[in-house]
Amino acid sequence: MVIIGIVAVIAVVAVALIVWGVMKHRSDAAAQSAPSGSRPSSDGSPSVGAPAGMTVAKPAGTSDDVATASSDAVTASSDDAPAGEPSVADGRTDVAAGAPAEPAAASSTPTVGPAAPEPRTETPESATSRIRRLKAKLARSANPFGRALFDILAKDRLTEADWEDVEDTLLLADVGAEASERLVDELRRDARVTGESDPEQVRAALRERLLDLVGRDTDRRLNADKDDANRPSVIIMVGVNGTGKTTTAGKLARLFVADGRNVMMGAADTFRAAAADQLETWGAKVDVPVVRADKDGADPASVAFEASAKAKETGSDVLIIDTAGRLQNKANLMDELGKIRRVTEKNLPVDEVLLVLDATTGQNGLTQAKVFAEAIGITGVVLSKLDGSAKGGIVISVQQALGVPVKLVGLGEGPDDLAPFDPEGFVDGILA
């Protein structure tokens, strides 16, 4: 009996070893036949890994550790999400190639990161505060031509060489030849300058003459601010690229918002890449809507037409239309700007056309200014980049060349560095 028991045990062990060997052989064979890059899942079945730079779509609600993917479920991920990070789109969760499989969450809803905070609406600076800053900036600016004039005129006795220096200083400040000659003639006849007077009298004489040239009594109000203004009041911004035209349009919108106006903008500069995006960024900061085309190169007149229709429909107070600043040739410019004005006036009358000039270009900008004035008709000038007053004489020369007033000046790069032009503040600033 003992012998029979020992034989039975040996038989059972032998059978177990045979069964174990068969199972091991099958497992090794399956591993050798599996595709390269595969890895077993938690239940022992193989799962296919994603090629580099690709993602595997995992349907929402899948409870397996790793979804079994077919070749048509593999999608590129390099443009959708950074490697190793999940992205959520259309109810699917994408896992970057090469990342280790993570167990699925108990819920079938994809996990989304915290929502981005909504942009905070800014409160623009008031016009009164901006004018005070204009005076302060001009007073601190380097090499103001007013100070150079004062240093010459404050001498006890002026020689012919001194008067030539005065005229040269005015020309270097872009006052213009005609205006410079006129100012010198008036100063030479003023006893407060030619006599042995104190510096305060010289300063007073120079201030009065400069104010006469700048135009102390000129009406510089924007037409939208006048009692008889249309509503919506349409303003078209023109000027060559590089003068700060689109930026000025955005700053002007802020100026109206600070005054409690309801503003809309039209991005009719469809020629320059990202001009509409730039305008939209300005509008978003002060909650001003922007009408724009779906793509670059669209017809700018159609944008102007749509913007004017929307402004009329919504009852906006002001519509600001930004236009392309290209200057290919005079005929092309006149045709394009003329068309923009005509289609806009099918919905609303155009109250204002503002020409944006770079104050640092001086006399070179006057040639461009005259072309734009002939193309569409200018009602006012905006001088951008008037950070320093060494070229401040452009205020005088541009007004004499175009016959229209400077209405706004740009003080710097800040969002509220645009102010109504104040002649007395300007002259006092450069004589500070």
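Rules used in this analysis
- Residues numbered from 1 in each chain as written.
- Predicted model: local features only at pLDDT ≥ 70, side-chain atom pairs only at ≥ 80, totals over all residues.
- Heavy atoms only, no water.
- Buried < 20%, exposed > 50% of the residue type's maximum accessible area, 1.4 Å probe, protein only.
- Helix = DSSP H or I, 4+ residues; strand = E, 2+ residues; numbered from the N terminus.
- Pairing = 2+ DSSP bridges.
- Phe/Tyr/Trp six-rings, centres within 6.5 Å; stacked < 30°, edge-to-face > 60°.
- Lys NZ or Arg CZ within 6 Å of the ring centre and 35° of its normal.
- Salt bridge = Lys/Arg side-chain N within 4 Å of Asp/Glu carboxyl O.
- 1 Å grid on protein atoms, 1.4 Å probe; cavity = no way out; pocket = protein on both sides within 12 Å on 5 of 7 lines; lining within 4 Å.
- Points joined across faces, edges and corners; volume = space filled by probe spheres on them.
- Nonpolar A, V, L, I, M, F, W, Y, C, P; charged D, E, K, R; others polar.
- Core = buried A, V, L, I, M, F, W, Y, C linked by side-chain atoms within 4.5 Å.
- Contact = heavy atoms within 4.5 Å.
- Axes fitted to C-alpha atoms, helices over the stretch in contact; angles between N-to-C directions.
- Parallel < 35°, antiparallel > 145°, perpendicular 65-115°, else oblique.
- Left-handed = near helix turned anticlockwise from the far one by under 90°.

Student: Is there a simple way to explain the pairing of strand S13 (residues 406-410) in this structure?
Tutor: Residues in a regular strand project their side chains so that they alternate between the two faces of the sheet. Here S13 lies mainly inside the structure; 5 of its 5 residues are buried. With 3 bridges joining them, S13 and strand S14 (residues 418-420) adopt antiparallel strand pairing. Residue pairing in the sheet places glycine 410 in a bridge with leucine 418 of S14.

Student: Mind showing me how you'd approach the packing of aromatic side chains here?
Tutor: Two descriptors summarise a pair of aromatic rings, namely the distance from one centre to the other and the angle between the planes of the rings. Summed over all chains, the structure comprises 1 aromatic pair. The ring of tryptophan 282 has lysine 285 lying over it, and the distance from NZ or CZ to the ring centre is 5.5 Å.

Student: It is not clear to me how the pattern of salt bridges should be interpreted in this structure. Could you clarify?
Tutor: Note that side chains of opposite charge can pair when their charged atoms are close. Summed over the entire model, instances satisfying the criterion amount to 19 salt bridges. A salt bridge links arginine 182 to glutamate 186; the nearest nitrogen and oxygen atoms lie 3.4 Å apart. Here arginine 182 and its partner glutamate 186 are both found in helix H5 (residues 177-188), 4 residues apart, which amounts to about one turn of the helix. Its relative accessible area of 39% is what places arginine 182 among the partly exposed residues. On the accessibility criterion, glutamate 186 (15% relative accessible area) is buried. For lysine 407, the salt bridge identified is with glutamate 352, shortest N-O distance 2.8 Å.

Student: Looking at this structure, I do not really get empty space enclosed by the protein. What am I missing?
Tutor: It is a probe the size of a water molecule, rolled over the atoms, that shows where empty space is left. Within this structure, the stated rule accounts for 2 cavities of 30 Å³ or more. Reported here for the largest cavity is a volume of approximately 50 Å³. Residue composition of the lining of the largest cavity, by class: 4 nonpolar, 1 polar and 5 charged.

Student: Can you help me understand the nonpolar core in this one?
Tutor: Judged by nonpolar contacts, the single largest core of 72 residues is most densely connected at Ile236, Val238 and Leu383. Dropping the residues within four chain positions of it, isoleucine 236 is found in contact with Ile321, Thr323, Ile340, Arg341, Val350, Glu352, Val353, Leu354 and Ile376. Membership of the second largest hydrophobic core comes to 24 residues, among which are Met237, Leu252, Val263 and Leu418.

Student: Help me understand the sheet that holds S14, please; the structure alone is not making it clear to me.
Tutor: Two orientations exist for strands paired in a sheet by backbone hydrogen bonds: parallel and antiparallel. Strand order across the open sheet formed by 8 strands is S9-S8-S10-S7-S11-S12-S13-S14, with mixed pairing between neighbours. What marks the edges here is a single partner per strand, and that holds for strand S9 (290-291) and S14. Contacts from helix H9 (residues 275-285) reach strand S8 (263-268), S9 and strand S10 (318-323) within the one sheet, and its direction differs from that of S8 by about 170°. Strand contacts of helix H10 (residues 300-314): S8, S9 and S10, with the helix running at about 170° to S8, the strand carrying the most contacts.

Student: Is there a simple way to explain the packing of helix H8 (residues 245-258) against H9 in this structure?
Tutor: What describes two packed helices is the angle between their axes and the distance between those same axes. H9 packs onto H8 with a crossing angle of 20° between their chain directions and a minimal axis gap of 9 Å. Accordingly, the angle class assigned to the pair H8 and H9 is roughly parallel. Between H8 and H9 lies a crossing whose hand is right-handed. In this structure, H8 uses Thr246, Thr247, Ala249, Gly250, Lys251 and Arg254 to contact H9, whose residues at the interface are Ala275, Gln278, Leu279, Trp282 and Lys285. Tallied by class, the residues present in the contact of H8 with H9 amount to 4 nonpolar, 4 polar and 3 charged.

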